[in-house]
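Structural overview
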Amino acid sequence: MGNVTLTEGVHWVGAIDWNIRNFHGYSTRLGTSYNAYLVVDDKVTLIDTVKAPFYEVMVSRVKEIVSLDDIDYVVSNHVEMDHSGSLPMIMRDAKNARLITLEKFGEGGLRKTFHSDWPMDTVKEGSELDLGKRKIVFIPTPMLHWPDSMCSYLLEDKILFSMDAFGQHIASSLRFDDEVGIDAIMPEAAKYYANILMPFGDLIVRAVDKLSNLDIDMIAPSHGVIWRTHLDTITKAYTSWGKGESKNKALVIYDTMWGSTEKMAHAIAEGIMSEDIEVKLYNLTRSDHSDIITEVLDTKAILIGSPTLNNGIFPSVAGFLCYLKGLKPKGKLGAAFGSHGWAGGAVKAVEQELGQASIDVIDSGLAIRFVPDEEELQKCTDFGKTIAVRMRKDKED
Ligand code: FEO
């Protein structure tokens, strides 16, 4: 089946999910991989497993190297089922294996998920697992991605098994960053961070800082490529994203019923462009939410346009705002606009939602009745200019 060697005695034994296109709501146009790793020493250790339907694929890779009876430890770095889904089968088939997981959260999560009586040892910050010639040191990384998440650091080989952190949803027969190419990887790493890890920016900055004290030659995440060349690029990007650093860029995100809010969106974008500020425009019916969120990551201003429907926000816009709120973007400016017929309501409601997402609402929203005329479109352009000027001022301060 083709396991891949990271260094002598350390192997990738994961699975490639070529055709997944939706990962709990996140579009995965390039598929993904579930990375499991096998460390062969005096003791044999399987680090994480794969999503349940891929169990046989993982096992066939393992069996090229050792028999399942030779496995002494199965390390569960994270309870989520894309990595723990094969635990019931491997704990059934690897009859001599003990499960290793983080105390409290790992153990509690696994017990509540699988209702099992597997032989289980718990570890905490700095616990070591002696494999013979090598040791694994465990490093809790809470909220990267769940409270139970931890990294396993293979001390002598300087390999950090980083779990979800530094991952990307990329299906590839190539396992390493220098093989796939940094330009192809970074947009996917950014999308992954934006849609999965963005709410935890402060914790991420602290975690990257903590991990920087380790001597690391390779970062082996649980999805996508293994970092052996561009470690500096990905760790610096995580610190920047975690701090909420942004470019002077604006997003105009909207939906429209009869074309009026769309006309406003274009006029506002023209106003922003006229001030030499980068702007991107997204119609929510035609664009993928997880792609837009990727743009949010390094954007300074988010302008949301909604027509009024039943005195409130248009459903596609409300859905996007709900997703945005959950991801808690840091350090953003925001504004609302929209057209309404006989009664308004959406613009105020969007402003409230932006406020709840901790976005600094920078101007009273722009509401226009029915179809905007020339004068009103000029107001939209001026609205865009006002926002661009505020963005520039913020950057200078
Ligand atoms: Fe890839 Fe949080 O699991």
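Summary of the structure given here.

Criteria and thresholds
- Residues numbered from 1 in each chain as written.
- Predicted model: local features only at pLDDT ≥ 70, side-chain atom pairs only at ≥ 80, totals over all residues.
- Heavy atoms only, no water.
- Helix = DSSP H or I, 4+ residues; strand = E, 2+ residues; numbered from the N terminus.
- Buried < 20%, exposed > 50% of the residue type's maximum accessible area, 1.4 Å probe, protein only.
- Contact = heavy atoms within 4.5 Å.
- Lys, Arg positive; Asp, Glu negative; His and termini not counted.
- Charge placed at Lys NZ, Arg CZ, Asp CG, Glu CD.
- Salt bridge = Lys/Arg side-chain N within 4 Å of Asp/Glu carboxyl O.
- Polar contact = N/O pair within 3.5 Å; in protein donor to acceptor, adjacent residues only side chain to side chain.
- Pairing = 2+ DSSP bridges.
- Axes fitted to C-alpha atoms, helices over the stretch in contact; angles between N-to-C directions.
- Left-handed = near helix turned anticlockwise from the far one by under 90°.
- Nonpolar A, V, L, I, M, F, W, Y, C, P; charged D, E, K, R; others polar.
- Right-handed = clockwise from strand over helix to strand, strands pointing away.
- Parallel < 35°, antiparallel > 145°, perpendicular 65-115°, else oblique.

**Remarks on the overall build of the protein chain**
When you go through the protein chain residue by residue, the secondary structure sums to 13 helices and 24 strands. Counting only C-alpha atoms, the protein chain reaches 80 × 40 × 35 Å along its principal axes. Counting all 397 residues of the protein chain, 57% fall into the buried class. Counted over contacts in the protein chain with a minimum sequence separation of 6, partners at least 24 positions apart contribute 72%. The average position of the 42 basic charges and that of the 57 acidic charges among the side chains of the protein chain differ by 3 Å.

**Here we look at the side chain of K300**
Locating K300 in the fold gives a position in the loop between helix 10 (289–297) and strand 19 (301–305). Buried and without a salt bridge, K300 has D394 as its closest oppositely charged side chain, separated by 4.6 Å. Of the polar contacts made by the side chain of K300, one reaches the backbone oxygen of G331; its length is 2.9 Å. Those residues within four positions of K300 in sequence are excluded, and the remaining contacts are S246, K247, N248, K249, G331, K332, L333, M391 and D394.

**Let's talk about the side chain of R134**
One can find R134 in the loop between strand 12 (128–130) and strand 13 (135–140). Polar side-chain contacts of R134 include one of 3.2 Å to the backbone oxygen of V40. When residues no more than four places from it in sequence are discounted, the contact partners of R134 are E8, G9, V10, V39, V40, D41, L129, L154, E156 and D157.

**Focus: the sheet that holds strand 16 (residues 218–221)**
Reading across the sheet, the 5 strands line up as 12-13-14-15-16 and stay open at both edges, with mixed pairing between neighbours. The outermost strands of the open sheet, each flanked by one partner alone, are strand 12 and strand 16. Pairwise comparison of adjacent strand axes, ignoring direction, gives a mean angle of 20 degrees for this sheet. Alignment of strand 14 (residues 150–154) against strand 15 (residues 159–163), held across 3 bridges, turns out to be antiparallel. From the neighbouring strand, L154 faces strand 15, where its bridge partner is I159.

**Concerning the packing of helix 7 (residues 201–211) against helix 8 (residues 231–243)**
The interhelical angle for the contact between helix 7 and helix 8, taken along N-to-C directions, is 150 degrees, at an axis separation of 7 Å. Helix 8 is crossed by helix 7, and the crossing has left-handed handedness. Residues G201, D202, I204, V205 and V208 of helix 7 lie in contact with helix 8, whose contacting residues are T235, Y238, T239, G242 and K243. In the contact of helix 7 with helix 8, the residues fall into 4 nonpolar, 4 polar and 2 charged.

**Digging into the pairing of strand 17 (residues 249–254)**
On a regular strand, each side chain points to the face opposite its neighbour's, so the side chains alternate between the two faces of the sheet. The element strand 17 is largely enclosed, with a buried count of 6 among its 6 residues. Burial along strand 17 is two-sided: the residues K249, L251 and I253 and A250, V252 and Y254 are all buried. Where strand 17 lies against strand 18 (residues 278–283), 6 bridges are found, and the strand directions are parallel. Counterpart to I253 in the pairing with strand 18 is Y282. For the segment spanning strand 17, helix 9 (residues 260–274) and strand 18, crossover handedness is right-handed.

**Focus on the packing of helix 6 (residues 182–197) against helix 10**
Across the interface, helix 6 lies against helix 10 with an axial gap of 8 Å and an inter-helix angle of 95 degrees. When the axes of helix 6 and helix 10 are compared, the pair comes out roughly perpendicular. Along its contact with helix 6, which presents P187, A190, K191, Y193, A194 and N195, the element helix 10 presents S290, D291, I293, T294 and L297. Broken down by class, the residue content of the contact of helix 6 with helix 10 amounts to 6 nonpolar, 3 polar and 2 charged.

**Remarks on the sheet that holds strand 9 (residues 71–76)**
The 7 strands are arranged 1-2-7-8-9-10-11 in an open sheet whose pairing can be described as mixed. Only two strands of the sheet have a single partner each, and these edge strands are strand 1 (4–7) and strand 11 (120–123). In this sheet, adjacent strand axes meet at a mean angle of 25 degrees when their direction is disregarded. As paired elements, strand 1 and strand 2 (residues 10–12) share 3 bridges and run antiparallel to each other. In the strand pairing of strand 2, T5 is matched with H11. Contacts between helix 4 (residues 105–114) and the sheet are confined to strand 9, strand 10 (98–102) and strand 11, with strand 10 contributing the most and set at about 120 degrees to the helix.

**Brief notes about the environment of S27**
Checked against the element boundaries, S27 lands in strand 5 (residues 26–27). Classification of S27 by relative accessible area gives buried; the value is 10%. Through-space distance from the C-alpha of S27 to that of N195 is 9.9 Å; in sequence the pair is 168 residues apart. Other than its neighbours up to four places away in sequence, S27 contacts R21, K191, D288, S290 and D291. Within the structure, S27 has its side chain in polar contact with the side chain of K191 (distance 2.8 Å).

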